[in-house]
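# Architecture and fold: a report
In case you want the letters, here they are:
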Amino acid sequence: MKESQKDEPRRIAVLGATGSIGASALDVIAASGGRLAAAVLTAHRQTAKLAGLARRFRPETLVVTDPEADRAPLAELERTTRVLYGPEGLDEAVSSPEIDVVLAAIVGGAGLRGSWRALEAGKTLALANKESLVLAGSLLFDLARKNGGRILPVDSEHSAIWQALASCRPAETPYGASCGSDPAERKDLVRRLILTASGGPFRNKPLDELRRVTVGEALAHPTWKMGKKITIDSATMMNKAFEIIEARWLFDLPPEKIGVVIHPQSIIHSMVEFVDGAVIAQMGTPDMRLPIQLALCGMERRRCPAPSLDWSRARALELFPPDEERFPAIPLGRRVARDGGSAGAVVNAANEVAVAAFLAGKIPFHKITGICQSILEHHQFEQEPSLERLFELDRQARTETQTWISD
Ligand code: NAD
Ligand code: MG
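Residues numbered from 1 in each chain as written. Chains lettered and ligands numbered in written order. Predicted model: local features only at pLDDT ≥ 70, side-chain atom pairs only at ≥ 80, totals over all residues. Heavy atoms only, no water.

## Observations concerning the site of ligand 1
The local shell around ligand 1 holds 22 residues, among which Thr18, Ser20, Ile21, Glu131 and Gly227 are the closest. Here an oxygen atom of ligand 1 sits 3.2 Å away from a polar atom, N or O, in the main chain of Gly19. Interatomic distance of 3.5 Å between a side-chain N/O atom of Asn129 and an oxygen atom of ligand 1. (Near = heavy atom within 4 Å. Polar contact = N/O pair within 3.5 Å; in protein donor to acceptor, adjacent residues only side chain to side chain.)

## Let's talk about the nonpolar core
Across soluble globular proteins, nonpolar side chains have a tendency to be buried as a group. Within the largest apolar cluster, 126 residues are counted, with the highest numbers of intra-cluster contacts made by Leu103 and Leu296. Ranked by residue count, the leading element in this core is helix α12 (residues 343–359), at 11 residues. (Core = buried A, V, L, I, M, F, W, Y, C linked by side-chain atoms within 4.5 Å. Buried < 20%, exposed > 50% of the residue type's maximum accessible area, 1.4 Å probe, protein only. Helix = DSSP H or I, 4+ residues; strand = E, 2+ residues; numbered from the N terminus.)

## Some words on the domain arrangement of the chain
Assigned domains of the chain: these are domain 1 (10–154), domain 2 (155–171 + 184–328) and domain 3 (341–407). Summarising the inter-unit geometry, the C-alpha centres of domain 2 and domain 3 are found 25 Å apart. The interface is formed by 17 residues belonging to domain 2 together with 14 residues belonging to domain 3. Between domain 2 and domain 3 the total buried area reaches about 1,300 Å² when both faces are included, carbon and sulfur atoms providing 77% of it. The tally of links from domain 2 across to domain 3 stands at zero salt bridges. At the junction of domain 2 with domain 3, the criterion picks out two residue pairs in polar contact (both at pLDDT 80 or more). (Domains from an automatic or database assignment. Contact = heavy atoms within 4.5 Å. Buried area = accessible area lost by both parts, 1.4 Å probe. Salt bridge = Lys/Arg side-chain N within 4 Å of Asp/Glu carboxyl O.)

## Here we look at the sheet that holds strand β7 (residues 150–153)
Strands pair in a sheet through their backbones, by hydrogen bonds, and they do so in one of two ways: parallel or antiparallel. The parallel open sheet is built from seven strands, whose spatial order is β4-β3-β2-β1-β5-β6-β7. Among the strands making up the open sheet, the edge pair consists of β4 (82–85) and β7. Geometrically, the sheet is characterised by an average inter-axis angle of 25° between neighbouring strands, direction not taken into account. In terms of strand pairing, strand β5 (residues 101–104) meets strand β6 (residues 124–127) through four bridges, oriented parallel. Each residue of the ladder has a partner; that of Ala104, found in β6, is Leu127. (Pairing = 2+ DSSP bridges. Axes fitted to C-alpha atoms, helices over the stretch in contact; angles between N-to-C directions.)

Here it is as C-alpha cells:
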C-alpha cells in the first residue's frame with residue numbers, strides 16, 4: 001500500500017471516533033494544518049454524536065458497527081456521505097485503498113477485528129486498542145510481517161518507550177530516520193523497560209477498604225481522563241498488566257525485562273534502561289494527543305495541540321515499586337505475557353465481563369482481579385490457537401465469567 005504523496009493529507013480511519021481517544025485524535029487532525037484528514041469515522045451506537053463529528057470533519061465514510069443502532073440521526077448525511085453498518089461495514093472501510101493509517105481506538109476485545117483487517121490490508125496500524133495485542137499479539141505481528149503492515153503504539157507508555165529507543169540509533173543512520181524504523185531491532189541494547197503507572201485512585205487506600213469502594217470512586221482517576229473501562233482497569237492495575245503484554249509484543253522482549261514503577265504524577269510516561277546503565281525517559285503532560293499525533297505522523301515530531309509542562313512551577317516526581325499484594329494484576333500480567341497462547345484472550349474476556357459487572361453494581365471492586373485469576377486457572381491452555389479459536393475461547397470465557405458472577 002502506497003502512502004499519500006507528500007503534499008496530500010495522510011488519510012486516517014478513526015475506529016471508535018466517539019470515544020475518548022477518538023476525540024483526542026480528531027483534535028490532532030483538526031490542528032494538523034491539512035496534513036491529516038479524517039477519511040473514515042466509526043461509532044458503535046452513538047449515532048447523534050457521530051453525525052455531529054461528520055458535519056465538522058466531513059469524512060467520506062461513516063461506519064456504525066452496531067446494526068441495531070438508531071439510524072435516524074444519520075439520515076440526512078446519507079445523501080452526501082457513504083454510511084456503512086455492522087462489522088462488515090467496518091471491514092470494508094478499513095481495507096479501502098484510500099486509507100493510509102488506521103487508528104484502532106475501539107474499546108475491548110471488540111477492537112481486534114478492525115486491527116486484524118487493517119493489517120490484512122497491509123496498512124499502518126496506530127494502536128490504542130491494547131486488547132488486540134493481549135488477545136492475539138503473536139498472530140497480529142505475523143500478519144503485519146506477511147502483508148507489509150506496521151504497528152505503531154498509541155498507548156502513552158509504549159509511545160514513550162518507542163521514543164526512548166529511538167535515542168540509540170546505529171551511527172550510520174541519518175538523523176531522524178531511525179524514529180520510524182522497527183525499535184525491536186534495538187532490543188539487544190535494552191536491559192529493561194520500565195513502565196510507569198499512576199497507581200490509580202486506590203494506591204494508598206487500606207486493603208480492607210477496597211471491598212467497599214464505589215463505582216464513582218473507582219472512576220475518579222487522579223491524573224488521566226479516559227473511557228470508563230480503561231479507568232477501572234487503571235484502578236485494578238489490569239491496565240498495567242495489559243501493558244506488560246502489549247510491550248512484550250511491540251518490543252519483542254521477555255516479561256522479565258519489563259518492569260513497572262508507580263509514578264503518581266504521570267509526567268514520566270515510561271523509560272528504557274540500556275545495557276550501559278543509561279536510563280532514557282520521555283516526559284510530558286498526561287495528554288494522549290502527543291502519542292496519538294506521533295503514531296498518525298509515523299513517529300515524526302511536529303507541533304502538537306497538547307499543553308506543554310509548566311516549568312515555572314516547582315514539582316516533585318516520585319517513583320515507587322508497586323505493591324503486588326495490593327495489585328495482583330501485575331504478576332498476573334507477567335504470567336500471561338510469558339505463557340502467550342490462549343491466556344490473553346481468556347483473561348481479557350474475564351476482565352471485560354467482571355468490569356461491566358462492577359460498573360453495574362453486581363460485584364465488589366476487589367473481586368475483579370480474583371475472577372480473572374480463577375477463569376485463567378480453570379481454562380485448558382492452548383499454545384497456538386488460530387484467530388477463530390481465539391474468538392471461540394473469548395466467547396467461552398465470557399460465558400464462564402457470567403456464570404461465576406451469577407452463582
Ligand atoms: P471509550 O469508551 O471512550 O470509547 C470507545 C469507542 O469504541 C467508542 O467510539 C465506541 O463507540 C466504540 N465501541 C464500543 N464498543 C464497541 C464495539 N463493540 N464495536 C465497535 N466499536 C465499539 O474508550 P477509550 O478510553 O477511548 O479507549 C479506547 C481504546 O484505547 C481502549 O482499548 C483503551 O484501552 C485504549 N487507550 C485509551 C486511553 C485513553 O486515554 N482513553 C489511553 C491508552 C489506551
Ligand atoms: Mg497506558
